[in-house]
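# Overview (structure and organization)
What follows is the residue order along each chain.
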Amino acid sequence: MRILINFQNVQVPVYFNAETKQPIQRTLKLLTSALDNKLRNGKNALKKCLNSLISIEIEGSEAILHSKSEFDTVALSLY
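All figures in this text were calculated on a predicted structure; none of them were measured in a lab.

### Examining the overall build of the protein
When its secondary structure is counted, the protein shows 2 helices and 5 strands. Reading the protein from its N terminus to its C terminus gives the helix and strand order β-β-α-α-β-β-β. What you see for the protein is a C-alpha radius of gyration of 12 Å, in line with the 12 Å of a compact globule of 79 residues. By its C-alpha atoms, the protein is 35 × 20 × 20 Å across when sized along the principal axes. For the protein, the proportion of its 79 residues judged to be buried stands at 34%. Here the protein displays about 5,200 Å² of accessible surface, and carbon together with sulfur accounts for 49% of that area.

### Section: the nonpolar core
One finds Ile-5, Val-14, Leu-31, Leu-35, Ile-56, Ile-58 and Leu-65 to be the most contacted residues of the largest nonpolar core, which totals 19 residues. The set of elements that each furnish at least two residues to this core consists of strand 1 (2–7), strand 2 (10–15), helix 1 (24–41), helix 2 (44–51), strand 3 (53–59) and strand 4 (62–67). Per element, the largest residue contribution to this core is 4 residues, and it comes from helix 1.

Cut-offs used in this document
- Residues numbered from 1 in each chain as written.
- Predicted model: local features only at pLDDT ≥ 70, side-chain atom pairs only at ≥ 80, totals over all residues.
- Heavy atoms only, no water.
- Helix = DSSP H or I, 4+ residues; strand = E, 2+ residues; numbered from the N terminus.
- Rg over C-alpha atoms; globule rule 2.2 N^0.38 Å.
- Buried < 20%, exposed > 50% of the residue type's maximum accessible area, 1.4 Å probe, protein only.
- Areas by Shrake-Rupley, 256 points an atom, 1.4 Å probe, with all protein chains shown as cover.
- Core = buried A, V, L, I, M, F, W, Y, C linked by side-chain atoms within 4.5 Å.

In structure tokens:
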């Protein structure tokens, strides 16, 4: 399943596994708060990934943040 979120005035697709046990709205709330927090307080490598973010993939309790450069792609724990 795919949902679009607005992050830094850019529409970013978020991909979910249809068999997730957590409610999607709760996961999206955790994701957006984690992204905002990391954008403000994160390390430079994570900020670089967030500035070139193209998609997000949710796998269990982790968000895989895909960026324009594959070397900047990182995994972020939601819990």
